[in-house]
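Structural overview
These are the residues of each chain, in order.
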Amino acid sequence: MTLEEFTALLRNVFTSRRDEVKAKHQRVLPVSELLTDRWEKARYLGFGEGTSIYDSSLVFGEVRVGRNTWIGPNTILDGSGGLSIGDNCSISAGVQIYTHDSVNWAISGGTEKYDHAPTRIGNNCYIGPNTVIAKGVTIGDCSVVGANSFVKDSVPPHSKVAGNPARSI
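Residues numbered from 1 in each chain as written. Predicted model: local features only at pLDDT ≥ 70, side-chain atom pairs only at ≥ 80, totals over all residues. Heavy atoms only, no water.

Brief notes about the nonpolar core
The line we're drawing: Residues enter a nonpolar core if they are buried and are Ala, Val, Leu, Ile, Met, Phe, Trp, Tyr or Cys, with the set joined through side-chain atoms within 4.5 Å. Burial status follows relative accessibility: with a 1.4 Å probe on protein chains alone, a residue under 20% of its type maximum counts as buried, one over 50% as exposed, and anything between as partly exposed. Any two residues whose heavy atoms approach within 4.5 Å are treated as being in contact.
Among the nonpolar cores identified, the biggest contains 24 residues, and Ile85, Ile97, Ile121 and Ile139 are the most heavily contacted of them. Residues in contact with Ile97, not counting those within four places in the same chain, are Ile76, Leu77, Asp78, Leu83, Ile85, Ile91, Thr119, Ile121 and Ile133.

Here it is in C-alpha cells:
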C-alpha cells in the first residue's frame, strides 16, 4: 500500500466515523476522540465501572476514580501526590486537579523539592468547567464547584462554592 492509498484509507475511516457520531449523537469530535473509547481508557486506568475519560485528558501518577464518573475533555488529573475521585462525579471540560506544586522549587532556583499533598473529590460532586483545584484540597461529598473557580481550600460536604478563590455561595 502506498502512502497516498494509506492516507486515503485513513481519511475514509475518519469521515465515516465522523458522520456516524454526528448522526447518532449530534456532535463533531477531534480524530482521537472518534477513534478511542472513553470507557475502555477508564478501564485501562483501573477506574470504577461505568466511568469514562476522554482521550484528551492527561493522567499522571496515582489516580483513583470510583464508579459512574464522567471526566470531560482537556482535563488534567495530577496524581503525583495521590488523587482520588469518588463515585457519580462530573469533572467538566478543562478542569485541572493538582496534588503538587513547584513554587518552592522555582523560587529556590531549583534547590528545593516540589511540594506534594493528596487531593480528594468525594462522591456525587460536580466540578464546573475550567476549574483549578490546588494540592491538598478535599471536596466533600455532594458538593458543587462553579465554573472557572480556583479552589485552594477544602470544601465541606453539601457545599456550593465558586470564584477565584472559591467561596461559599
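Now that the structure is up, let's keep going.
Topic: the packing of aromatic side chains
In plain terms, the rule: We call Phe, Tyr and Trp rings a pair once their centres come within 6.5 Å, taking the six-membered ring for Trp, and we label the pair stacked below 30 degrees between planes, edge-to-face above 60, and tilted otherwise. Secondary structure counts use DSSP, requiring at least four H or I residues in a row for a helix and at least two E residues in a row for a strand, with both numbered from the N terminus.
The full count for this structure, using the stated rule, is 2 aromatic pairs. Consider the rings of Tyr54 and Trp70, whose centres lie 6.1 Å apart with planes at 90 degrees: the pair is edge-to-face. Of the two residues, Tyr54 sits in the loop between strand E1 (52-53) and strand E2 (58-65) while Trp70 sits in strand E3 (residues 70-71), which places them 16 residues apart along the sequence. The class for Tyr54 is buried, based on a relative accessible area of 8%. Considering the side-chain rings of Trp105 and Tyr114, the 5.7 Å spacing of their centres and the 75 degrees angle between planes classify their relative orientation as edge-to-face. Judged by its relative accessible area of 36%, Trp105 falls in the partly exposed class. On the basis of relative accessibility, which here comes to 39%, the residue Tyr114 falls in the partly exposed class.

Topic: the environment of Thr69
With respect to the helices and strands, Thr69 occurs in the loop between E2 and E3. Between the alpha carbons of Thr69 and Ala23 there is a distance of 25 Å; along the sequence they are 46 residues apart. Ignoring any residue separated from it by four or fewer positions in sequence, one finds Thr69 in contact with Gly50, Thr51, Ser52, Ile85, Gly86, Asp87, Asn88, Cys89 and Ile91.

Comments concerning the environment of Glu112
Considering the arrangement of structural elements, one finds Glu112 in the loop between helix H4 (103-107) and strand E8 (115-116). Overall, Glu112 belongs to the partly exposed group, its relative accessible area being 45%. Sequence separation between Glu112 and Ser102 is 10 residues, and the spatial gap between their C-alpha atoms is 8.9 Å. In this structure, Glu112 is in contact with Asn104 and Trp105, ignoring residues within four places of it in sequence.

With respect to the pairing of strand E15 (residues 160-163)
Note the threshold: At least two bridges found by DSSP between two strands is the condition for calling them paired.
Where strand E13 (residues 144-145) lies against E15, 2 bridges are found, and the strand directions are parallel. When the sheet's bridge partners are listed, Val145 is paired in E15 with Val161. As defined by bridge partners, E15 adjoins strand E16 (residues 166-168) across 3 bridges and the pair is classed as antiparallel. What sits directly across from Ala162, in E16, is Arg167. Between the antiparallel neighbours E15 and E16 lie 2 residues.

Things to note about unusual backbone geometry
Residue Pro165 is reached from Asn164 by a cis peptide bond, and omega for that bond is 0 degrees. Checked against the element boundaries, Pro165 lands in the loop between E15 and E16. Even without glycine at this site, Asn74 takes up a positive phi of about 60 degrees. Locating Asn74 in the fold gives a position in the loop between E3 and strand E4 (76-85).

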